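Read off the chains here:
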Amino acid sequence: MFCCPKLSDLVDREYAHAGPMHSLARGRIVTEIDTEYFLKFGDEDRPVWVGMHYCPFCGRIISRELWNREKKK
């Protein structure tokens, strides 16, 4: 499910989210990226979620948006 152990650790520590956009319980999403991976910023009551195209650790593509673009080529 995860491209590298560091991203998995980030999700385990709840600094990131791996799952569909509608499963984010609270907060707001500030990017319009078609992805299932989000970084969490801000306080616990109302965090800000930022979608990711690439893994910040290994650099692999993790967003559906980029996967779909590559398939169409």
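Residues numbered from 1 in each chain as written. Predicted model: local features only at pLDDT ≥ 70, side-chain atom pairs only at ≥ 80, totals over all residues. Heavy atoms only, no water.

A.B. asks: In this structure, what is going on with the confidence of the model for the protein chain? I would like to understand it.
C.D. replies: The predicted coordinates of low-pLDDT regions are not to be read in fine detail. In the predicted model, the protein chain carries a mean pLDDT of 89, and the fraction of residues at 70 or more is 99%. When pLDDT is averaged over each element of the protein chain, strand S4 (residues 48-51) comes out on top at 95 and helix H2 (residues 64-72) at the bottom at 78. (pLDDT = per-residue confidence, 0-100. Helix = DSSP H or I, 4+ residues; strand = E, 2+ residues; numbered from the N terminus.)

A.B. asks: Can you walk me through the side chain of Ser 63 in this structure?
C.D. replies: Within the secondary structure, Ser 63 is located in the loop between S4 and H2. For Ser 63, a relative accessible area of 0% gives the class buried. A distance of 3.3 Å separates a polar side-chain atom of Ser 63 from the backbone nitrogen of Leu 66. Residues within four places of Ser 63 in sequence aside, it is in contact with Ile 33, Asp 34, Thr 35, Met 52 and His 53. (Buried < 20%, exposed > 50% of the residue type's maximum accessible area, 1.4 Å probe, protein only. Polar contact = N/O pair within 3.5 Å; in protein donor to acceptor, adjacent residues only side chain to side chain. Contact = heavy atoms within 4.5 Å.)

A.B. asks: Please explain the packing of aromatic side chains as it appears in this structure.
C.D. replies: Think of a pair of aromatic rings as described by two things: how far the centres are apart, and how the planes are tilted against each other in angle. Here the structure, examined in full by the defined rule, presents 1 aromatic pair. Ring plane angle 65° and centroid distance 6.4 Å describe the contact between Phe 2 and Tyr 37, whose orientation is recorded as edge-to-face. Separated by 35 residues along the polypeptide, Phe 2 in the segment before helix H1 (5-12) and Tyr 37 in strand S3 (residues 37-41) bring together distant segments of the chain. For Phe 2, a relative accessible area of 30% corresponds to the partly exposed category. (Phe/Tyr/Trp six-rings, centres within 6.5 Å; stacked < 30°, edge-to-face > 60°.)

A.B. asks: What's the story with the pairing of S4 in this structure? I'm lost.
C.D. replies: In regular strands, side chains alternate between the two faces of the sheet. With burial as the criterion, only one face of S4 is covered, namely that bearing Trp 49 and Gly 51; the residues Val 48 and Val 50 on the opposite face remain uncovered. Relative to S4, strand S2 (residues 28-29) is paired through 2 bridges, and the arrangement is parallel. Note that in S4 the partner of Arg 28 across the bridge is Val 48. Sheet topology note: the S3/S4 ladder contains 4 bridges and is antiparallel. Each bridged residue has a counterpart across the sheet, and for Phe 41 the counterpart in S4 is Val 48. Between the antiparallel neighbours S3 and S4 lie 6 residues, among them Gly 42 with a positive phi of about 95°. (Pairing = 2+ DSSP bridges.)

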